[in-house]
Amino acid sequence: DMLTVMWKEKKSLLQIRGSRMRFLMVLASPVLLATVMPLTWGPDWLEQVPPLAISALVAVILVMMMIPESIAGERERHTMSTLLASRLPDRAILFGKMIPAIGVAWVTAVLAVALSLVTTNIAHGQGEFLFFTPPIAFGSLALSLLMAILTAGLGVFVSLRAATSQEASQILMALILVPAMILQVIPLLFRDQMGRIIESIDGPQILAIIIAVLVVIDIAITLAAVLRFQRSRLSLD
């Protein structure tokens with residue numbers, strides 16, 4: 001049942017006018033970053049935080065583009081009622097819509113990071129194969145997947161309330177950007193305290209904590225999405 005929804009989802013997204021061009025345009029900036037930044041950072045690129053940020057950024061952007069179109073867009077086109085009238089289970093419909101977006105976003109994020117690795121080796125390898133440190137390699141894979149799941153879960157809630165896919169995209173973007181801006185401000189307000197805390201914890205430990213927190217959040221928001229995405233509740237909204 002879930003594979004049936006996934007097949008329909010893939011077909012629907014490809015048929016939307018301008019979807020392929022919009023997809024390519026969205027990819028342009030991360031791909032540019034994945035090629036230009038390694039050139040300026042040098043071999044240190046493979047040991048620093050930016051690859052983690054790029055992988056998470058690519059995953060979030062792509063899911064924000066796909067989930068609103070998948071749910072709010074289908075409601076906007078008045079085809080959601082037909083899907084809900086079928087015998088497909090609620091969970092098959094929900095995960096059939098979430099998994100393609102998460103999968104495409106995660107694979108694309110991994111490819112972007114791989115592109116940065118190729119760029120680094122071409123520009124700075126000097127005949128020697130360079131690779132990410134284990135925390136950066138694992139962190140890029142984990143953070144991109146976890147951020148994709150988080151964005152997809154938030155996208156489900158937003159899309160079920162929004163009247164159009166554009167409105168859903170705007171709200172979802174605000175939900176993602178506002179916490180990010182707050183996290184940028186907090187270190188400025190508590191610079192000394194934050195500095196002492198960060199100095200007492202090494203990089204891999206901080207990464208492990210972030211991943212653990214995201215796992216808990218992703219589980220919670222996925223379970224909440226399952227409870228929210230029910231025919232009886234959707235038909236009343």
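Please refer to the structure placed before this passage.
Just so you know, these numbers come straight off a predicted model, no measurement behind them. (Residues numbered from 1 in each chain as written. Predicted model: local features only at pLDDT ≥ 70, side-chain atom pairs only at ≥ 80, totals over all residues. Heavy atoms only, no water.)

S.K.: How should helix α3 (residues 50–76) be read in this particular structure?
M.R.: Helical geometry: 3.6 residues make up each α-helical turn, so side chains three or four residues apart lie on a common side. Taking 1.5 Å per residue as the helical rise, α3 with its 27 residues ought to reach 39 Å, and the 38 Å between its terminal C-alpha atoms agrees with that figure. Along α3, the sharpest kink reaches roughly 35°, centred on Glu69. Summarising burial for α3: 22 of the 27 residues are buried, a large majority. One or two positions beyond α3, positive phi appears at His78, with a value near 65°. (Helix = DSSP H or I, 4+ residues; strand = E, 2+ residues; numbered from the N terminus. Expected span 1.5 Å × (residues − 1). Bend = angle between axes of the 7 residues up to and from the residue. Buried < 20%, exposed > 50% of the residue type's maximum accessible area, 1.4 Å probe, protein only.)

S.K.: What's the story with unusual backbone geometry in this structure? I'm lost.
M.R.: The phi torsion of most residues other than glycine is negative, and most of the peptide bonds are trans. A positive phi angle is found at Gln126, which is not glycine, with a value near 50°. Note on placement: Gln126 falls in the loop between α5 (90–124) and α6 (134–161).

S.K.: Hey, could you run me through the environment of Met80 in this one?
M.R.: With respect to the secondary-structure elements, Met80 resides in helix α4 (residues 80–84). A relative accessible area of 7% places Met80 in the buried class. Residues Met80 and Ser70 lie 10 residues apart in sequence; the distance between their C-alpha atoms is 9.7 Å. The residues touching Met80, leaving out its near neighbours within four places in the chain, are Ile71, Glu74, Arg75 and Lys97. (Contact = heavy atoms within 4.5 Å.)

S.K.: Whenever I open this one, the environment of Phe229 confuses me. Can you help?
M.R.: Within the secondary structure layout, Phe229 lies in the loop between α9 (203–228) and α10 (231–236). Residues Phe229 and Phe157, 72 residues apart in the sequence, show an inter-C-alpha distance of 8.6 Å.

S.K.: How do you make sense of the side chain of Ser70 when you look at a structure like this?
M.R.: Its location among the elements puts Ser70 in helix α3. The buried category is assigned to Ser70, whose relative accessible area is 3%. Setting aside anything within four residues of it in sequence, one finds Ser70 in contact with Glu9 and Lys97.

S.K.: How should I be thinking about the packing of aromatic side chains in this particular structure?
M.R.: To describe a pair of aromatic rings, you give the distance between the ring centres and the angle between the ring planes. Within this structure, the stated rule accounts for three aromatic pairs. When the centroid spacing of 6.2 Å and the interplanar angle of 75° are considered together, the rings of Trp41 and Trp45 count as edge-to-face. When the ring of Phe131 is compared with that of Phe132, the centres are 5.9 Å apart and the planes differ by 70°; the resulting orientation is edge-to-face. Here Phe132 falls in the buried class, since its relative accessible area comes to 8%. Within the aromatic cluster, the residues linked to one another by ring pairs are Phe129, Phe131 and Phe132. (Phe/Tyr/Trp six-rings, centres within 6.5 Å; stacked < 30°, edge-to-face > 60°.)

S.K.: Is there a simple way to explain the environment of Ser55 in this structure?
M.R.: Position of Ser55 among the secondary structure elements: in helix α3. Given the relative accessible area of 1%, Ser55 is considered buried. Along the primary structure Ser55 and Thr108 are separated by 53 residues, whereas in three dimensions their C-alpha atoms are 8.6 Å apart. Every residue in contact with Ser55, bar those within four places of it in the chain, is listed here: Ala109, Val113, Ser140 and Ser144.

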